[in-house]
Amino acid sequence: MSIERAKAYLRQFNMEERVRELEHSSATVELAAEALGCEPDRIAKTLSFIVNDEPILIVVSGMSKIDNHKYKEFFKTKAKMIEFDKVEELIGHAPGGVCPFGVKDGVLTYLDMSLKKHDTVFPAAGSGNSAIELSISELEKVSGMKDWIDVCKE
């Protein structure tokens with residue numbers, strides 16, 4: 001189960017107990033914000049893309065959208081999201097629960113600058129009804145991030 005994989009990963013940071021399993025779905029930004037009682041932009045949505053035939057993750061603030069020009073400028077290729085039915089196979093988590101915790105080996109994670117406008121954010125934790133509240137510095141530490149990038153629209 002994907003949430004168990006995320007919790008096992010977070011255990012090394014003594015954070016697995018902070019994972020919240022919600023009564024209601026948190027599979028979309030709107031549902032997560034409602035379930036957590038926070039503004040939608042504080043949901044840290046994790047988007048999965050293919051770059052040079054390799055899967056990557058980009059964590060962005062909830063209301064942010066990818067800017068195709070900025071994306072292409074950074075990655076030197078057109079933005080191509082992973083097909084819905086391939087996400088779990090390539091990333092290790094199913095859509096709705098995708099997060100940077102406990103992903104498959106070799107999956108690089110990037111954090112978008114849009115997250116920095118918040119003190120804390122709520123990424124999913126491996127399932128469509130889970131989340132964990134993290135400060136930005138905690139997210140940097142536990143996400144295994146490769147880099148901060150700026151690929152979202154203003």
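The shown structure was predicted, so the numbers you read here are calculated from the model rather than taken from an experiment.

Rules used in this analysis
Going along each chain's sequence as written, the residues are numbered from 1 onward. With pLDDT at 70 or above as the cut-off, local features in this predicted model cover only qualifying residues; side-chain atom pairs require 80 or more to be listed or tallied, and sums for whole chains, interfaces and linings still use all residues. Computation of side-chain values: all heavy atoms of the structure, hydrogens and water removed. Comment: elements are numbered from the N terminus, with helices defined as DSSP H or I runs of at least four residues and strands as E runs of at least two. With the radius of gyration taken over C-alpha atoms, the globule rule is written as 2.2 Å times the number of residues to the power 0.38. The cut-offs for exposure are 20% and 50% of the maximum accessible area for each residue type, with area from a 1.4 Å probe on protein chains only; residues under the lower value are buried, those over the upper are exposed, and the others partly exposed. By definition in these notes, contact holds between two residues if any of their heavy atoms fall within 4.5 Å. For the accessible areas, the method is Shrake-Rupley and the probe is 1.4 Å, while residue cover comes only from the protein chains on display. Residue types Ala, Val, Leu, Ile, Met, Phe, Trp, Tyr and Cys, when buried and joined through side-chain atoms within 4.5 Å, form a set referred to as a nonpolar core. One bridge is not enough; two strands pair if DSSP finds at least two bridges between them. Definition of a polar contact: a pair of N or O atoms within 3.5 Å, with one able to donate and the other able to accept a hydrogen when the atoms are protein atoms, and with sequence-neighbouring residues admitted only if both atoms are side-chain atoms. We define a salt bridge as a contact between a side-chain nitrogen of Lys or Arg and a carboxyl oxygen of Asp or Glu at a distance within 4 Å.

1. Some remarks on the overall build of the chain
Consideration 1: Within the chain, the secondary structure is distributed over five helices and eight strands.
Consideration 2: When its helices and strands are written in sequence order, the chain yields α-β-α-β-β-α-α-β-β-β-β-α-β.
Consideration 3: Taking 154 residues into account, the globule formula puts the C-alpha radius of gyration at 15 Å, and the chain, at 14 Å, falls close to it.
Consideration 4: Principal axes of the C-alpha set define a box for the chain whose edges measure 40 × 30 × 25 Å.
Consideration 5: Sorting the 154 residues of the chain into buried and exposed places 53% on the buried side.
Consideration 6: When contacts within the chain are restricted to residue pairs at least 6 apart in sequence, those whose partners lie at least 24 apart make up 63%.
Consideration 7: Surface summary for the chain: the accessible area is close to 8000 Å², and the carbon and sulfur share equals 47%.

2. Some points on the nonpolar core
In globular proteins that are soluble, nonpolar side chains generally tend to be buried together.
Consideration 1: Among the nonpolar cores identified, the biggest contains 21 residues, and Phe101, Leu115 and Leu139 are the most heavily contacted of them.
Consideration 2: In this structure Leu139 touches Val59, Phe101, Leu111, Leu115, Val121, Pro123 and Leu134, once residues within four positions along its chain are discounted.
Consideration 3: With 13 residues, the next largest nonpolar core counts Leu47, Tyr110, Val151 and Cys152 among its residues.

3. Quick notes on the pairing of strand β4 (residues 108–112)
Consideration 1: Extensive coverage of β4 is indicated by the burial of four of its five residues.
Consideration 2: Taken together, the four bridges between strand β3 (residues 54–61) and β4 define a ladder with parallel strand orientation. Looking across to β4, one finds that Ile56 is bridged to Leu108.

4. Some points on unusual backbone geometry
Consideration 1: The phi angle at Asn14 is positive, at roughly 55°, despite the residue not being glycine.
Consideration 2: With respect to the helices and strands, Asn14 occurs in the loop between α1 (2–11) and β1 (20–21).
Consideration 3: Asn14 gets classed as exposed once you look at its relative accessible area, which sits at 69%.
Consideration 4: Unusually for a residue other than glycine, Asn52 sits at a positive phi of about 50°.
Consideration 5: Along the chain, Asn52 turns up in the loop between β2 (43–51) and β3.

5. Some points on the side chain of Ser143
Consideration 1: Within the fold, Ser143 resides in helix α5 (residues 136–143).
Consideration 2: Given the relative accessible area of 3%, Ser143 is considered buried.
Consideration 3: Of note is the side chain of Ser143, whose polar atom sits 2.8 Å from the backbone oxygen of Leu139.
Consideration 4: Of note is the side chain of Ser143, whose polar atom sits 3.2 Å from the backbone nitrogen of Met145.
Consideration 5: For Ser143, the contacting residues outside a window of four places in its chain are Tyr9, Pro100, Phe101, Thr109 and Leu111.

6. Things to note about the pattern of salt bridges
Consideration 1: According to the stated counting rule, one finds seven salt bridges in the structure shown.
Consideration 2: Residue Asp41 is joined to Lys117 by a salt bridge in which the shortest nitrogen-to-oxygen separation is 3.3 Å. Here the residue Asp41 occupies a position in the loop between α2 (29–36) and β2, and Lys117 occupies one in the loop between β4 and β5 (120–123), the gap between them amounting to 76 residues.
Consideration 3: Asp41 gets classed as buried once you look at its relative accessible area, which sits at 11%.
Consideration 4: You can call Lys117 exposed: its relative accessible area is 54%.
Consideration 5: Salt-bridge contacts for Lys70 lead to Asp150; the nearest nitrogen and oxygen are separated by 3.2 Å. Note that Lys70 is positioned in helix α3 (residues 68–75) and Asp150 in the segment after β8 (147–149), a separation of 80 residues in sequence.

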